[in-house]
Amino acid sequence: MLDFKTYIILKLVSSIFFLLSGIIWKKLLFTERRNYHFIYFRVIATLFFLVSISALFQLFGNNTFSQIVLNTVGFKDWIICISICLFSFWGLYFYTNAMQSGRYSFVTPLVVISSAFSFLTSLIVYNEALSNSKYIALTLIITGLFLHQKEKLAQFKISKEVVLVLLCSIFWGISFVFYLIPIKKFGVLNFSIILETCVLISCIGLLFFKEKRFFPTKMDKKSLLLCLLMGLMVAGGSLLSNFTLTQLPVSLNILIGLIFEIFVLAIGLFMFREKLNLKDWMLIGFASVGSFLLLF
């Protein structure tokens, strides 16, 4: 059993992995190639690393990340797990879509809105109590969205960038609440492998329905190497994130994610030379403060 500080360090390391993978995503998605092509190659790399880690743990008899034996779960457990994983895929799909058509420094920090959907889901599923801080939090997020989009709303429209962020926040925010159910049944490592397998199946489904093929078109070596590197980042990030989710309060996991917004903003503004206007800053600020208040 690890101590509390070690779990915090592991959560920070997982956040760094995801931060690096986000940077690679933006570099890859500068091209016109469809986003699920990159997801396809990335998930193959991630599965390779996760299966390799699983094999090493089996070889050395370490069960830190795979406490549950698969033959102890039933058909219903498989259905619930796969359903959650397939639902969660659309969070990644809309996130990469938003990254491809939007600004990294705007899209990535704004994904904290997913915490609002996590809270609303917990409210419905687990009957969590509403506090004054939560009322204020939801009001801030809604106000920020309204102020940012008021010109568009007057024309009964909303910007594509914000729509995609809201969509990925909905899918990720809701699925995040349910992750603990299959993790407790399957174990951290097994769940991570099942999740990535469902992502691969979803990509194959999109390829078939949109392009009548099962494999993406050939990709250049540089992009493949970036997908391989991103696969390593996501494998490490997912494994550690799912592990700390079982050991740390959900609120603390969200708080650490909020802290990393500072780094995301700095990277977007300086590395990608993006610009944010006053309304962008206001929305990010309102969403961040609102997400923080949801913790209380």
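This one's a predicted model, so the numbers in the text were calculated from it and none came from an experiment.

### Observations regarding the overall build of the chain
(1) Moving on: When helices and strands are counted, the chain shows 13 helices and zero strands.
(2) Moving on: From first element to last, N terminus to C terminus, the chain shows the α and β order α-α-α-α-α-α-α-α-α-α-α-α-α.
(3) Moving on: In summary, the chain has a C-alpha radius of gyration of 19 Å against a globular reference of 19 Å for 296 residues, a match within 12%.
(4) Moving on: On the principal axes, the C-alpha backbone points of the chain span a range of 60 × 50 × 35 Å.
(5) Moving on: When the 296 residues of the chain are sorted by exposure, 50% land in the buried category.
(6) Moving on: Within the chain, contacts between residues separated by at least 24 positions form 86% of all contacts whose residues are at least 6 apart in sequence.

### Regarding helix H13 (residues 278-293)
(1) Moving on: The terminal C-alpha atoms of H13, which comprises 16 residues, lie 22 Å apart, in line with the 22 Å expected from a rise of 1.5 Å per residue.
(2) Moving on: For H13, the set of buried residues is Asp280, Leu283, Ile284, Ala287, Ser288, Gly290 and Ser291. Projected onto a plane normal to the axis of H13, the buried residues spread over an arc of 165° and lie on a single side.
(3) Moving on: Between the side-chain oxygen at the start of H13 and the backbone nitrogen of Lys279 there is a gap of 3.1 Å, and the oxygen is on Asn277.

### Side note on the packing of helix H2 (residues 35-60) against helix H9 (residues 188-211)
(1) Moving on: Two numbers describe how H2 lies on H9: the axes approach to 9 Å, and their chain directions differ by 155°. Taken together, the axis directions place H2 and H9 in an arrangement best described as roughly antiparallel. Here H2 runs over H9; the crossing is left-handed.
(2) Moving on: By residue class, the composition of the contact of H2 with H9 is 18 nonpolar, five polar and four charged.

### Overview of the packing of helix H1 (residues 4-28) against helix H10 (residues 221-245)
(1) Moving on: Here H1 crosses H10 at 155°, and the two axes come no closer than 8 Å. With respect to each other, H1 and H10 are oriented roughly antiparallel. The chirality of how H1 crosses H10 is left-handed.
(2) Moving on: Here the residues of the contact of H1 with H10 are counted per class, giving 17 nonpolar, eight polar and one charged.

### A look at the environment of Phe146
(1) Moving on: With respect to the helices and strands, Phe146 occurs in helix H6 (residues 132-154).
(2) Moving on: Residue Phe146 is classed as partly exposed on the basis of its relative accessible area, which comes to 48%.
(3) Moving on: Residues Phe146 and Met219, 73 residues apart in the sequence, show an inter-C-alpha distance of 41 Å.

### Some words on the side chain of Ser118
(1) Moving on: Here Ser118 shows up in helix H5 (residues 114-126).
(2) Moving on: Not counting the four nearest positions on each side in its chain, Ser118 is found in contact with Gly173, Phe176 and Val177.

### What to know about the pattern of salt bridges
For side chains of opposite charge, pairing can occur when their charged atoms come near one another.
(1) Moving on: Throughout the structure, instances matching the rule amount to seven salt bridges.
(2) Moving on: A salt bridge links Lys185 to Asp77, with the nearest nitrogen and oxygen atoms 4.0 Å apart. Within this pair, whereas Lys185 is found in helix H8 (residues 180-186), its partner Asp77 is found in helix H3 (residues 75-101), the two being separated by 108 residues in sequence.
(3) Moving on: Using a relative accessible area of 40% as the deciding quantity, one classes Lys185 as partly exposed.
(4) Moving on: Given the relative accessible area of 17%, Asp77 is considered buried.
(5) Moving on: For Glu161, the salt bridge identified is with Arg103, shortest N-O distance 2.9 Å. Here Glu161 is found in helix H7 (residues 160-178), whereas its partner Arg103 is found in the loop between H3 and helix H4 (104-110), with 58 residues between them in sequence.
(6) Moving on: Put simply, Arg34, Glu211 and Arg213 are held in one network by salt bridges that share partners.

Rules behind the numbers
- What you see as residue numbers is a count from 1 along each chain, following the sequence as written.
- Thresholds applied to this predicted model are a pLDDT of at least 70 for local features of residues and 80 or more for the giving and counting of side-chain atom pairs; totals over whole chains, interfaces and linings are not thresholded and use all residues.
- No hydrogens and no water enter the side-chain calculation; it runs on all heavy atoms of the structure.
- Helix numbers and strand numbers start at the N terminus; a helix is a DSSP run of H or I with at least 4 residues, a strand a run of E with at least 2.
- We take the radius of gyration over the C-alpha atoms and set the globule estimate at 2.2 Å times the residue count to the 0.38 power.
- The cut-offs for exposure are 20% and 50% of the maximum accessible area for each residue type, with area from a 1.4 Å probe on protein chains only; residues under the lower value are buried, those over the upper are exposed, and the others partly exposed.
- Residue contacts are counted whenever heavy atoms from the two residues lie within 4.5 Å of one another.
- Expected helix span is computed as 1.5 Å times (number of residues minus one).
- Taking the helix axis as origin, the arc is that swept by the directions to the C-beta atoms.
- Throughout this description, a polar contact denotes any pair of N or O atoms lying within 3.5 Å of each other; where both atoms belong to protein, one of them has to be capable of donating a hydrogen while the other can accept it, and for residues adjacent in sequence the pair is counted only when both atoms sit in side chains.
- Axis lines are fitted through C-alpha atoms, for helices just across the contact stretch, and the angle between N-to-C directions can take any value from 0 to 180 degrees.
- The cut-offs work like this: below 35 degrees is roughly parallel, past 145 is roughly antiparallel, 65 to 115 is roughly perpendicular, and the gaps in between are oblique.
- Note: crossing handedness is left-handed where the near helix turns anticlockwise from the far helix by less than a right angle, and right-handed where it turns clockwise.
- Polarity classes work like this: nonpolar for Ala, Val, Leu, Ile, Met, Phe, Trp, Tyr, Cys and Pro, charged for Asp, Glu, Lys and Arg, and polar for all others, with Gly in that last group.
- Salt bridge criterion: a side-chain nitrogen from Lys or Arg within 4 Å of a carboxyl oxygen from Asp or Glu.

Function-wise, these values are silent; they only describe arrangement.
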